[in-house]
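Here is what each chain is made of, one letter per residue.
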Amino acid sequence: MVSNPTTVSYRLFASGYCTAHDRIVDPKNGRGKARFYAVWLLIEHPQHGLFVFDTGYSPRFLEATQHFPDKFYGWATPAFIKNEETAMVQLAQTGIKPSDLSGMIISHFHADHVAGMLDFPKIPVICHSAAMQQVLSVKGFGAVRHGIVKALIPNDLRERVRIITEDSVISNKAIMRNPDELFSLQFKDLFGDGSVELAQLPGHACGQLGIRIHTADHTLFFATDAVWRKSTLEAGILPSPTVKLFFDDWAAYKTTFSALRNYQQTFPTHRLLFTHCPETLTHISSFNP
Ligand SMILES: [Zn+2]
């Protein structure tokens, strides 16, 4: 944690990982299997308190994918997570109980981001309205196809959602009509003080959000699954087209990818990180594979 009590601070954690073919991440240079660590954040705001941003895996994912149709999910992305690695246990090791949190921000409802949600009952959930509507409406194979395991989603989600980004998913049609905005990203000021912003990152998943945090000494832009590996962003290499099977919107994904390339060139000093990128792990003090 950055120690200045007057500014927002954050800390990165990882809870488990899954494996997939590296060629999916990097069709040009990928070899063998890649590990996708499930990284999440603890954020401390001086007035608004403690928040988690995503939760990583929990052994609950392994239980929930014992049966069909969720079993297909476990086959597609074999997951590895121990009890002592969960967000709840790692927070407990830093002296934080689930009830100490002011809320939980969910980037999107893919299982590797939300498998720990049930460990944090009652607290408010902040997510995109489109993501919430999708997670509440999908069922069976439809849920699996969208990367959602319903057993991991709290039954009272609708009642607990306090803040949602109402400006629905950025319309690609609008962007097409307005070429000047082709490389723009939209941010929403979460607390109204400019310290923490939620970024709309459409394409990978319905209503996907990233988070930008301005600490005392740097700006973090944690752009979740908009890119899996920073080196592919820098080289302009898109993931394998096979991801279209479960991505929400491939055209929107490519637009977001271009916007992030532009962002990196415009703000080279910002710490641009992604949930599953190996570089992100170097910023986790407790990371111990
Ligand atoms: Zn995802």
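For clarity, every value in this text was computed on a predicted model and none was experimentally measured.

Enquirer: Could you clarify how one ought to interpret the confidence of the model for the protein in this entry?
Expert: A low pLDDT score tells you not to read the predicted coordinates there in detail. Across the protein, the average pLDDT comes to 89, with 90% of residues at or above 70. Overall, residues 168–182 carries pLDDT values under 50, and its contacts beyond four positions in sequence, including any with other chains, amount to 19 contacts.

Enquirer: Whenever I open this one, the coordination of the zinc ion confuses me. Can you help?
Expert: Think of it this way: four donors in a tetrahedron around the metal ideally sit 109.5 degrees apart, and six in an octahedron ideally sit 90 or 180 degrees apart. The zinc ion binds to the protein through His 108 (NE2), His 110 (ND1), His 204 (NE2) and Asp 225 (OD), with metal-donor distances spanning 2.1 to 2.3 Å. The coordination sphere of the zinc ion comprises 4 donor atoms, whose angles at the metal cover 87 to 166 degrees; the geometry is irregular. Each donor residue of the zinc ion belongs to the same chain, with the gaps between them written as H-x1-H-x93-H-x20-D. A residue pair is termed long-range when its members are at least 10 positions apart, and His 108 in the loop between strand E5 (101–105) and helix H5 (111–114) and Asp 225 in the loop between strand E11 (219–222) and helix H10 (230–235) qualify at 117 residues. You can call His 108 buried: its relative accessible area is 1%.

Enquirer: Explanation requested: the packing of aromatic side chains in the structure shown.
Expert: For any two aromatic rings, the description comes down to two numbers: the centre-to-centre distance and the angle of the planes. Overall, the coordinates contain 21 aromatic pairs when judged by the stated rule. Ring centres 5.0 Å apart and planes at 45 degrees place the aromatic pair Tyr 17 and Tyr 37 in the tilted group. Here Tyr 17, found in strand E1 (residues 9–21), pairs with Tyr 37, found in strand E2 (residues 33–45); they are 20 residues apart in sequence, far enough to count as distant. You'll find Tyr 17 and Tyr 37 in the same group, each marked buried.

Enquirer: Would you mind going over the nonpolar core with me for this structure?
Expert: The nonpolar side chains of a soluble globular protein tend to be buried, and buried together. Formed by 37 residues in total, the largest nonpolar core has its most connected members in Phe 61, Phe 221, Leu 260 and Phe 274. Residues contacting Phe 61, with those up to four places away along its chain left out, are Tyr 73, Gly 74, Thr 77, Ala 79, Ala 111, Ala 115, Val 149 and Leu 152.

Enquirer: Please clarify how a nonpolar patch on the surface should be interpreted in this entry.
Expert: Among the surface-exposed residues, Phe 68, Phe 72, Trp 75 and Phe 141 lie close enough to one another that they form a single nonpolar patch of about 500 Å² accessible area. Take Phe 68: it is sitting in the loop between helix H2 (59–64) and helix H3 (70–76).

Enquirer: I'm lost on unusual backbone geometry in this one. Help?
Expert: With an omega dihedral of 0 degrees, the bond running from Phe 68 to Pro 69 counts as a cis peptide bond. For Pro 69, the location among the structural elements is in the loop between H2 and H3. At Lys 122, a position not held by glycine, the phi torsion is positive, near 75 degrees. With phi around 40 degrees, Thr 224 is a residue other than glycine that occupies positive phi space. By the secondary structure assignment, Thr 224 is in the loop between E11 and H10.

Criteria and cut-off values
- Sequence order sets the numbering: in each chain, residues are counted from 1 along the sequence as written.
- The predicted nature of this model means local features are confined to residues of pLDDT at least 70 and side-chain atom pairs, given and counted, to a pLDDT of 80 or more, with totals for whole chains, interfaces and linings taken over all residues.
- Derived side-chain values reflect all non-hydrogen atoms in the structure, with water molecules and hydrogen atoms excluded from consideration.
- A score between 0 and 100, pLDDT records how confident the predictor is in each residue.
- The contact rule is simple, with two residues in contact once any of their heavy atoms fall within 4.5 Å.
- Only nitrogen, oxygen and sulfur atoms within 2.8 Å of the metal, or 3.2 Å for Na, K and Ca, are treated as donors, and water is left out, so sites may look incomplete.
- Note on geometry labels: four donors, all angles 85 to 135 degrees, give tetrahedral; four donors become square planar and six octahedral when opposite donors are over 155 degrees apart and every other angle is between 65 and 115; remaining cases are irregular.
- In this text, helices come from DSSP runs of H or I with a minimum length of four residues, and strands from runs of E with a minimum of two, each type numbered from the N-terminal end.
- The cut-offs for exposure are 20% and 50% of the maximum accessible area for each residue type, with area from a 1.4 Å probe on protein chains only; residues under the lower value are buried, those over the upper are exposed, and the others partly exposed.
- We call Phe, Tyr and Trp rings a pair once their centres come within 6.5 Å, taking the six-membered ring for Trp, and we label the pair stacked below 30 degrees between planes, edge-to-face above 60, and tilted otherwise.
- In this text, buried Ala, Val, Leu, Ile, Met, Phe, Trp, Tyr and Cys residues form a nonpolar core when linked through side-chain atoms within 4.5 Å.
- Patch rule: a residue counts if its relative accessible area is over 30% and it has no salt bridge; like charges are joined within 9 Å, and nonpolar side chains (Val, Leu, Ile, Met, Phe, Trp, Tyr) within 5 Å.
- What sets the accessible areas is the Shrake-Rupley method with a 1.4 Å probe; for residues, cover comes only from the shown protein chains.
- Should a side-chain nitrogen of Lys or Arg be within 4 Å of a carboxyl oxygen of Asp or Glu, the pair is scored as a salt bridge.

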